[in-house]
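Given next are the chains, with one letter for each unit.
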Amino acid sequence: MKSTVCCNVALHQNLIDGAWIGNRFLPNINPSDLSETVGEFASATEDETQAAITAARAAFPAWSRSGILERSRLLRDTSQEILRRKDEIGALLSREEGKTMAEGIGETVRAAQIFEFFSGEALRLGGEVLPSVRPGVEVQVTREPLGVIGIITPWNFPIAIPAWKIAPALCYGNTVVVKPAEVAPACTWMLAEILHRNGLPRGVLNLVMGKGSVVGQAMLEHREVDGITFTGSVSTGRRVAEACARHMRRSQIEMGGKNPLIVLDDADLGVAVDVALNGSFFSTGQRCTASSRLIVTDAIHDRFVAALAEQMTSLRVGHAMEATTQIGPVVDEGQLKQDLDYISLGQTEGARLVAGGALVTRQTEGHFLTPALFTDCTPTMRIMREEIFGPVAGVIRVNDYDEALAVANGTEFGLSAGICTTSLKHASHFRRNAEAGMVMVNLPTAGVDFHVPFGGRKGSSFGPREQGRYAVEFFTTVKTSYSSSF
Ligand code: ADP
């Protein structure tokens, strides 16, 4: 069995060494309708995780030397199947994570594009040939796969993040053990199933679903893992980094953000409101790139807040699968509690809640929260310093661009930063001086292209960038070889 039906609920097993394995399961609940179980997904043991790592190690020599056409074809076929089934997979994503159907399908298409991109990259891996300082000696600089890659992913992009880690890992000849978040494992299961059916050799990609404290922890401690690529919370990210350092192993870690969006007096008000609305609240604000700090100069402040609050009240919050819904539910009870706790903390800290922040009921029982906007925030408030990871944003009023820039950079994070302005001078200065890995001018801080690097600075990220051609840095290791013609 890989997926079977028991008591009207589909059971999904782990993929270890080419076989579907596992007899203990965790339910995956639809956050738009808590009475619906999307499926039961295997919960791997420590032994099963170790078996997956052993299988990946055994499969590495053959896969690392496999032809580039074989790897390219597998990635291309996977991309094409994802694209063909985008509505079905997008619906699955919406059911398990709560993104709207449009967001779910959009993310699925992005995953297909990522596989397509790396299908091409598999054919383009080059090296360098250089003369040596010693006559008659030639130097080659080449890239080789790193080895066994441990992939640990969060729930908020349940297909795009696994795709942007799995596709480059396989492209460059690595083998994989992948562990999705227990809250939303279905899309990764779907990816593994598609890869498996499209000719993935046994052991090359192993799927181990289950708890972070069991499966993730076992991956951190196993000697045979050569590198770990992780996206998730700051606290787990630190734990991953420390474990990797202990084992002298490579790590690529994407964590949180507290992303600023500056709105200057000279901004186009309509653009600024659209950018803030999208960046702060779409995908229910559950994006590490969400704009959670809106830093607004004095002369536009009141007009901006009034227009944004008005637009927010017209956002339709509801069941992710309903065509009219613009903001889906919060992913689960734990995240909802965190959002509500921060909303009441903001009020205690002296910020003014001017829109949203209320639980709403719909026909189905789900975690429906209206997007919340605070004003009168100061940079030192906890709601302006800590990542909330929900549809909650706060406005900090500033006097001018210089103060806005200082506030924007005054954070321990540095993932994405945006500015809305019609001034070329300020836009250019901000692009150069924002302390963030990604900078957006008149665009939402969230939402990035699949073919360019993704990642941040300071407490947001650690290790080489993800995505695009820069992915090669993490997923390969450089070899310098010398040969004498004598
Ligand atoms: P969030 O759930 O807020 O996205 P987490 O950091 O808790 O962030 O989870 C991200 C991923 O890390 C998930 O797949 C989770 O299961 C995993 N994880 C949690 N704890 C550990 C751990 N101790 N070791 C390794 N992975 C873990």
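Just so it is clear, the structure is predicted and the values come from calculations on it, not from any experiment.

Counting secondary structure elements, the protein chain contains 14 helices and 22 strands. For a compact globule of 486 residues, the expected C-alpha radius of gyration is about 23 Å, and the protein chain comes in at 23 Å, within 12% of that figure. For the protein chain, the spread of C-alpha atoms along the three principal axes comes to 75 × 70 × 40 Å. Here the protein chain holds 486 residues, and 58% of them are scored as buried. When contacts within the protein chain are restricted to residue pairs at least 6 apart in sequence, those whose partners lie at least 24 apart make up 72%. Here the protein chain contributes 46 positive and 53 negative side-chain charges, whose respective centroids are spaced 6 Å apart.

Looking at where Val 354 falls in the secondary structure, it is placed in strand S16 (residues 352-355). In this structure, the C-alpha to C-alpha distance between Val 354 and Ala 306, residues 48 residues apart in sequence, is 9.2 Å. Once residues lying within four places of it in the same chain are set aside, the contact partners of Val 354 are Val 305, Leu 373 and Thr 375.

Here we come to the site of the ligand. Inspection of the region around the ligand gives 18 residues, with Thr 153, Glu 182, Gln 217, Ser 233 and Thr 236 positioned closest. Here an oxygen atom of the ligand sits 3.5 Å away from a polar atom, N or O, in the side chain of Trp 155. Burial of the ligand by the protein amounts to 80% of the accessible area it has alone, namely 550 Å². If you map the ligand onto the pockets, it falls in the largest pocket. Elements represented by at least two residues in the shell around the ligand include exactly helix H7 (212-221), strand S12 (227-231) and helix H8 (234-246). Among the elements that take part in the shell around the ligand, H7 stands out by supplying 4 residues, more than any other. Looking at the shell around the ligand residue by residue, the classes come out as 7 nonpolar, 8 polar and 3 charged.

In this structure, Phe 115, Phe 118, Ile 166, Leu 170, Leu 195, Leu 200 and Leu 205 are the most contacted members of the largest nonpolar core, which totals 65 residues. At 9 residues, the largest contribution of residues to this core is made by helix H5 (residues 160-171). If you look at the next biggest cluster of nonpolar residues, it comprises 30 residues, including Ile 262, Cys 377, Ile 383 and Ala 417.

Per the domain assignment, the segments making up the protein chain are domain 1 (3-255 + 460-484) and domain 2 (260-449). The straight-line distance from the C-alpha centre of domain 1 to that of domain 2 is 31 Å. With 26 residues of domain 1 in contact, the opposing surface of domain 2 contributes 29 residues. Between domain 1 and domain 2 the total buried area reaches about 2200 Å² when both faces are included, carbon and sulfur atoms providing 58% of it. Interface area lost by domain 1 to domain 2 is led by Ser 32, Trp 155 and Ser 460, which between them contribute 24%. Inspection of the region where domain 1 meets domain 2 yields 9 residue pairs in polar contact (both at pLDDT 80 or more).

Estimated volume of the largest pocket: approximately 780 Å³. If you go around the largest pocket, you meet 34 residues; those closest to its centre are Trp 155, Phe 230, Gly 232, Ser 233 and Thr 236. Those elements that provide at least two residues to the lining of the largest pocket are H7, S12, H8 and helix H11 (333-349). Per-element tally for the lining of the largest pocket: the top contributor is H7, with 5 residues.

Inspection of the secondary structure assignment puts Arg 293 in strand S15 (residues 291-297). Put simply, Arg 293 is tucked away with no salt bridge, and the nearest opposite charge, on Glu 435, sits 8.9 Å away. From its side chain, Arg 293 meets the backbone oxygen of Lys 258 in a polar contact 2.9 Å long.

Across the sheet, 3 strands lie side by side as S7-S8-S22; this open sheet has antiparallel pairing. The sheet terminates laterally at strand S7 (128-131) and strand S22 (476-484), the two strands that pair on one side only. For this sheet the average axis-to-axis angle between neighbouring strands, irrespective of direction, equals 20 degrees. In terms of strand pairing, S7 meets strand S8 (residues 137-145) through 4 bridges, oriented antiparallel. Bridging across to S8, Glu 128 finds its partner in Val 141.

What follows concerns empty space enclosed by the protein. Applying the stated criterion across every chain yields a total of 3 cavities of 30 Å³ or more. By volume, the largest cavity amounts to about 90 Å³. Across the lining of the largest cavity, the residue classes tally to 5 nonpolar, 6 polar and 4 charged. The volume enclosed by the second largest cavity comes to roughly 60 Å³.

Rules and cut-offs
Residues numbered from 1 in each chain as written. Predicted model: local features only at pLDDT ≥ 70, side-chain atom pairs only at ≥ 80, totals over all residues. Heavy atoms only, no water. Helix = DSSP H or I, 4+ residues; strand = E, 2+ residues; numbered from the N terminus. Rg over C-alpha atoms; globule rule 2.2 N^0.38 Å. Buried < 20%, exposed > 50% of the residue type's maximum accessible area, 1.4 Å probe, protein only. Contact = heavy atoms within 4.5 Å. Lys, Arg positive; Asp, Glu negative; His and termini not counted. Charge placed at Lys NZ, Arg CZ, Asp CG, Glu CD. Near = heavy atom within 4 Å. Polar contact = N/O pair within 3.5 Å; in protein donor to acceptor, adjacent residues only side chain to side chain. Areas by Shrake-Rupley, 256 points an atom, 1.4 Å probe, with all protein chains shown as cover. 1 Å grid on protein atoms, 1.4 Å probe; cavity = no way out; pocket = protein on both sides within 12 Å on 5 of 7 lines; lining within 4 Å. Sits in = over half its atoms within 2 Å of the grid points. Nonpolar A, V, L, I, M, F, W, Y, C, P; charged D, E, K, R; others polar. Core = buried A, V, L, I, M, F, W, Y, C linked by side-chain atoms within 4.5 Å. Domains from an automatic or database assignment. Buried area = accessible area lost by both parts, 1.4 Å probe. Points joined across faces, edges and corners; volume = space filled by probe spheres on them. Salt bridge = Lys/Arg side-chain N within 4 Å of Asp/Glu carboxyl O. Pairing = 2+ DSSP bridges. Axes fitted to C-alpha atoms, helices over the stretch in contact; angles between N-to-C directions.

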